[in-house]
Amino acid sequence: MGRMRTEGLQLWTNARVATLAVGAATPYGLIEDGALAVQDGRIAWVGARKELPLALDDAAVEHDAQGALVTPGLIDCHTHLVYGGDRAAEFEARLNGASYEEIARAGGGILATVRATRAADEESLFAQSRRRLRALCDEGVTTIEIKSGYGLSLAEEAKCLRVARRLGASEGVTVRTTFLGAHAVPPEFDGRPEDYVDAVCRMLPALHAQGLADAVDAFCERIGFSAAQTRRVFDAAQALDLPVKLHAEQLSDSQGAALAASFGALSCDHLEWLSDTGARAMGQAGSVAVLLPGAFYFLRETRVPPIALLREHRVPMALATDCNPGTSPCTSLLLMLNMGCTLFRLTPEEALAGVTRNAARALALDDRGVLAPGLRADFVLWDARHPAELCYAVGFNPRRTTVIEGRIA
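Residues numbered from 1 in each chain as written. Predicted model: local features only at pLDDT ≥ 70, side-chain atom pairs only at ≥ 80, totals over all residues. Heavy atoms only, no water.

- Under the annotation held in an unreviewed UniProt entry, the chain carries the name Imidazolonepropionase and is attributed to Ramlibacter alkalitolerans.
- UniProt, in its Function (unreviewed entry) section for the chain, records the words "Catalyzes the hydrolytic cleavage of the carbon-nitrogen bond in imidazolone-5-propanoate to yield N-formimidoyl-L-glutamate. It is the third step in the universal histidine degradation pathway."
- Turning to the chain, the UniProt annotation filed under Subcellular location (unreviewed entry) states: "Cytoplasm". (UniProt positions renumbered as here; feature names shortened; annotations may be inferred.)

**A word on the UniProt feature "binding site: Zn(2+)" (unreviewed entry) in the chain**
Okay, step 1: Here, the residues flagged by UniProt with the feature "binding site: Zn(2+)" (unreviewed entry) are His 78, His 80, His 247 and Asp 322. Separation in sequence by 245 residues is not matched in space for these annotated residues, since their most distant C-alpha atoms are only 12.2 Å apart. In the annotation above, His 80, His 247 and Asp 322 are the residues that line the largest cavity.
Okay, step 2: We classify His 80 as buried; its relative accessible area is 2%.
Okay, step 3: Among all residues touching His 80, those that are not within four sequence positions of it are Lys 147, Ser 148, Tyr 150, Leu 180, His 183, His 247, Asp 322, Cys 323 and Asn 324.
Okay, step 4: Of the polar contacts made by the side chain of His 80, one reaches the side chain of His 247; its length is 3.3 Å.
Okay, step 5: Looking at the element boundaries, His 247 is found in strand E10 (residues 245–248).
Okay, step 6: Ignoring sequence-local partners within four residues, the contact set of His 247 consists of His 78, His 80, Lys 147, Leu 180, Asp 217, Ala 218, Phe 219, Cys 220, Asp 269 and His 270.
Okay, step 7: A distance of 3.4 Å separates polar atoms of two side chains, one belonging to His 247 and the other to His 78. (1 Å grid on protein atoms, 1.4 Å probe; cavity = no way out; pocket = protein on both sides within 12 Å on 5 of 7 lines; lining within 4 Å. Buried < 20%, exposed > 50% of the residue type's maximum accessible area, 1.4 Å probe, protein only. Contact = heavy atoms within 4.5 Å. Polar contact = N/O pair within 3.5 Å; in protein donor to acceptor, adjacent residues only side chain to side chain. Helix = DSSP H or I, 4+ residues; strand = E, 2+ residues; numbered from the N terminus.)

**A look at the sheet that holds strand E12 (residues 288–291)**
Okay, step 1: The four strands lie next to each other as E10-E11-E12-E13, forming an open sheet whose pairing is parallel. Because the sheet does not close on itself, it has two edges, and the strands there are E10 and strand E13 (317–319). Each adjacent strand pair in this sheet contributes to an overall mean axis angle of 25°, direction not counted.
Okay, step 2: Pairing geometry for E12 and E13, over three bridges, is parallel. Following the sheet pairing, Leu 291 is matched in E13 by Leu 319. (Pairing = 2+ DSSP bridges. Axes fitted to C-alpha atoms, helices over the stretch in contact; angles between N-to-C directions.)

**Remarks on the packing of aromatic side chains**
Okay, step 1: Considering all chains together, one arrives at seven aromatic pairs under this definition.
Okay, step 2: With centroids separated by 5.5 Å and ring planes inclined at 85°, the aromatic side chains of Trp 12 and Phe 379 adopt a geometry described as edge-to-face. In this pair, Trp 12 sits in strand E1 (residues 10–18) while Phe 379 sits in strand E14 (residues 379–382), placing the two residues 367 residues apart along the sequence. The residues Trp 12 and Phe 379 share a single accessibility class, namely buried.
Okay, step 3: On the numbers, 5.4 Å between centres and 75° between planes, the contact of Phe 234 with Phe 263 is edge-to-face. Here Phe 234 is found in helix H7 (residues 227–239), whereas its partner Phe 263 is found in the loop between helix H8 (256–262) and strand E11 (267–270), with 29 residues between them in sequence. (Phe/Tyr/Trp six-rings, centres within 6.5 Å; stacked < 30°, edge-to-face > 60°.)

**With respect to the sheet that holds strand E6 (residues 74–76)**
Okay, step 1: One open sheet holds the four strands; their spatial order is E6-E7-E8-E9, and the pairing between them is parallel. Sheet topology places E6 and strand E9 (215–218) at the edges, where each strand pairs with a single neighbour. Strand-to-strand, the axes of this sheet are offset by a mean angle of 20°, without reference to chain direction.
Okay, step 2: Two strands pair when backbone bridges link them, and strand E7 (residues 141–147) and strand E8 (residues 174–182) are joined in this way by five bridges, in the parallel orientation.

**A few points about empty space enclosed by the protein**
Okay, step 1: Here the structure, examined in full by the defined rule, presents one cavity of 30 Å³ or more.
Okay, step 2: In this structure, the largest cavity occupies an estimated 130 Å³ of space.
Okay, step 3: Around the largest cavity sit 14 residues that line it, and Tyr 100, Ile 110, His 183, His 247 and Thr 327 are the ones nearest its centre.
Okay, step 4: Looking at the lining of the largest cavity residue by residue, the class counts come to four nonpolar, eight polar and two charged. (Points joined across faces, edges and corners; volume = space filled by probe spheres on them. Nonpolar A, V, L, I, M, F, W, Y, C, P; charged D, E, K, R; others polar.)

Okay, here's the thing in C-alpha cells:
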C-alpha cells in the first residue's frame with residue numbers, strides 16, 4: 001500500500017471493533033485489538049491493529065480508545081418524533097379496559113395529537129421535539145427518520161417537516177424525513193376519506209418541491225386507510241420518484257406488505273399480522289421489516305411478528321423506537337435492542353444489525369451502518385467488552401463517545 005495523505009488523518013486504536021459487516025469471519029464482525037483510520041469524514045481503513053499499514057502510522061491525530069467497544073453509529077429508522085402534547089390520559093384509559101381502536105374511534109388517538117400539534121407554533125414544536133432527539137443521541141443515535149402525520153393539512157405537515165429538518169441541523173445528526181399524510185382522516189374531512197386521499201396526493205408535489213420529504217408512508221389498517229387508498233398515495237409518490245414505506249399488518253392482515261412490496265418499498269413496519277404471502281413478497285422486493293417492540297409492549301399486544309417467516313424469506317430485520325405519543329412514547333433505542341431480543345426472540349447479533357446496517361437500508365442510506373473503508377465515519381465508543389452487552393442491560397447507557405463524520409460529537 002502506498003503512503004496516504006496524512007493531513008487530517010485520525011487514527012483510533014486499542015479498540016474492540018464490531019464492524020457489523022455482512023459475511024464477516026467473526027460474529028458481529030468483531031475485531032479484537034482493532035483500529036480505525038478516518039479521513040475527510042470517511043473510514044479510510046479498519047482492521048486489527050497488528051495489520052495497520054505503515055502508511056497510516058503517522059496520523060495527524062491518534063486517539064486511544066482504551067479498550068472500548070466500537071460499533072457503527074445507531075440508526076433509529078422509524079419515529080414520529082415531532083408532535084405536540086401527550087396522551088397520558090389515553091394510557092390510563094387503556095389500563096382501565098379501553099382498546100386502542102375504541103379510543104381512536106371516539107376521537108382520541110392520532111387525532112388528539114393532531115389537535116395538539118396544530119395548536120403548537122413552530123418554535124415550541126421544535127423545542128419539545130429537540131428534547132426527545134437529544135435523549136436518543138445520548139444513546140449513540142447518529143441517524144434518525146422522522147415522519148410527519150400529525151398535521152394532516154399542507155401547512156401543518158410542512159411545519160412538522162421543517163421542524164424535522166431543523167432538528168438535524170441543530171443537533172448535527174442526519175434526519176431523513178417521511179411524509180405520512182395518510183396517517184388518519186382529519187376532522188375537516190370526517191366521513192370523506194376519499195376526498196382526503198385526494199388532498200394527500202395534492203400535498204405531495206408541494207412538499208416535494210420544498211425539499212421536505214425523502215420518502216412517503218401510509219397507515220394501511222382498519223382504522224387507517226384501505227389498500228386501494230394506499231395504492232393511490234403510492235402512485236402519487238412514484239410519479240415523483242419518491243420511495244415508499246408502509247405501516248403494515250399491525251392490527252390485522254390488510255395485505256399491505258404485499259402491496260408495498262409491489263412498489264419496491266424501502267420497508268414495511270410493525271408486521272405482527274404478516275402472512276407468508278406478505279413475507280415472501282417483501283423478501284423478493286428487498287423490503288426491510290422494521291420491528292417496533294415499543295408499540296407491541298405499550299399496547300400490551302400478544303401476537304408477535306413472525307420472525308421465523310422473515311428469516312425463512314431472508315427479509316432484513318430492523319428495530320426502531322417508533323417514538324410517538326400514543327403507542328410508543330420511547331426515546332431509548334438501547335431499550336428496543338433488549339425488547340427485540342426478549343419479546344421477539346431476535347438474537348443480539350440480529351438486533352444490533354437491526355439498528356445499524358438494516359436500519360440504514362430501510363432509509364436507503366448505503367453509506368453507513370457498517371464500519372468499512374469508504375463509508376461515513378459514524379461510530380460509537382461504548383464502555384462494554386462484548387456487543388451483546390448493548391442488548392443485555394436494561395436502563396443502562398454505556399455510551400462513552402459518539403463520532404459523526406469523523407468529528408467527536
